[in-house]
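# Summary of the model geometry
One-letter residues, chain by chain:
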Amino acid sequence: MTPKFKRLLALSAAVMTTAALAWAGSDAGSPTKVGGAPKPVITKAVKGEQCVEDTDIMRRDHMKFLNHHRDEAVVEGIRTKKYSLKECINCHASEKTGSVAAAKEDFCVSCHSYAAVKIDCFECHSTKPQGSVAQHALNAETAHYKHKLAAQADSKVSAEEMAGVAQ
């Protein structure tokens, strides 16, 4: 093989590879995709004028705030409104569904679907402001503490197992 032929062969391979990658990454023929995954629907909070933190901080760290608040409230007995799941729901529940997790466009579900992250808060807690509040049977402290330990151990604890802790 001549050097000129080798260069032509390498150039052809590069062009074919680039074309194949461009075609594979195109969204043509897929009307449900817009640049990849469907973008989350972020609605303005129904109540309040400003969140407890800036938007970019809440997007990145809201779970840390919720977990810390949960631990303080349940394990240490310190109850405040800042970073409270209940307060988040009061502000962000959809006017249409009255919930943060009833429909795919609702505040929590929309972003968590986009990020492919499972929401497990609402297996026990209400997704709607006021009204019925789901509670752990008998001893929420024990159930949340087991949940905290399981999360630290990177294991899965089902809602049924958590409910069984207090019984």
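Above: the structure in question.
Residues numbered from 1 in each chain as written. Predicted model: local features only at pLDDT ≥ 70, side-chain atom pairs only at ≥ 80, totals over all residues. Heavy atoms only, no water.

A separate point is the environment of Leu 66. Inspection of the secondary structure puts Leu 66 in helix α2 (residues 55-74). In this structure the C-alpha to C-alpha distance between Leu 66 and Cys 88, which are 22 residues apart in sequence, comes to 9.6 Å. Ignoring any residue separated from it by four or fewer positions in sequence, one finds Leu 66 in contact with Tyr 83, Ser 84, Leu 85 and Cys 88. (Helix = DSSP H or I, 4+ residues; strand = E, 2+ residues; numbered from the N terminus. Contact = heavy atoms within 4.5 Å.)

One simple way to see leftover space: roll a probe sized like a water molecule over the atoms. Taken as a whole, the second largest pocket spans an internal volume of roughly 950 Å³. In this structure, the second largest pocket is lined by 36 residues; those nearest its centre are Cys 51, Met 58, Cys 88, His 92 and Phe 107. Listing elements by their share of the lining of the second largest pocket, those giving two or more residues are α2, α3 (85-92) and α4 (107-115). Residues that form the lining of the second largest pocket fall into these classes: 19 nonpolar, eight polar and nine charged. (1 Å grid on protein atoms, 1.4 Å probe; cavity = no way out; pocket = protein on both sides within 12 Å on 5 of 7 lines; lining within 4 Å. Points joined across faces, edges and corners; volume = space filled by probe spheres on them. Nonpolar A, V, L, I, M, F, W, Y, C, P; charged D, E, K, R; others polar.)

Moving on to the packing of aromatic side chains. Under the counting rule described, the total for this entry stands at one aromatic pair. Between Phe 65 and Tyr 83, the aromatic rings sit 4.4 Å apart at their centres with planes inclined by 15°, giving stacked as the arrangement. With a gap of 18 residues between them, Phe 65 in helix α2 and Tyr 83 in the loop between α2 and α3 connect regions that are remote in the sequence. Exposure class is identical for Phe 65 and Tyr 83. Each is buried. (Phe/Tyr/Trp six-rings, centres within 6.5 Å; stacked < 30°, edge-to-face > 60°. Buried < 20%, exposed > 50% of the residue type's maximum accessible area, 1.4 Å probe, protein only.)

You will see that Tyr 83, though not glycine, has its phi angle at about 70°, which is positive. Taking relative accessible area as the criterion, Tyr 83 reaches 18% and is therefore assigned buried. The residue Ala 116 is not glycine, and still its phi comes out positive at about 55°. Ala 116 sits in the exposed class, given a relative accessible area of 70%.

Looking now at the side chain of Asp 61. Note on placement: Asp 61 falls in helix α2. At 3.3 Å, the side chain of Asp 61 and the side chain of Arg 60 are in polar contact. (Polar contact = N/O pair within 3.5 Å; in protein donor to acceptor, adjacent residues only side chain to side chain.)

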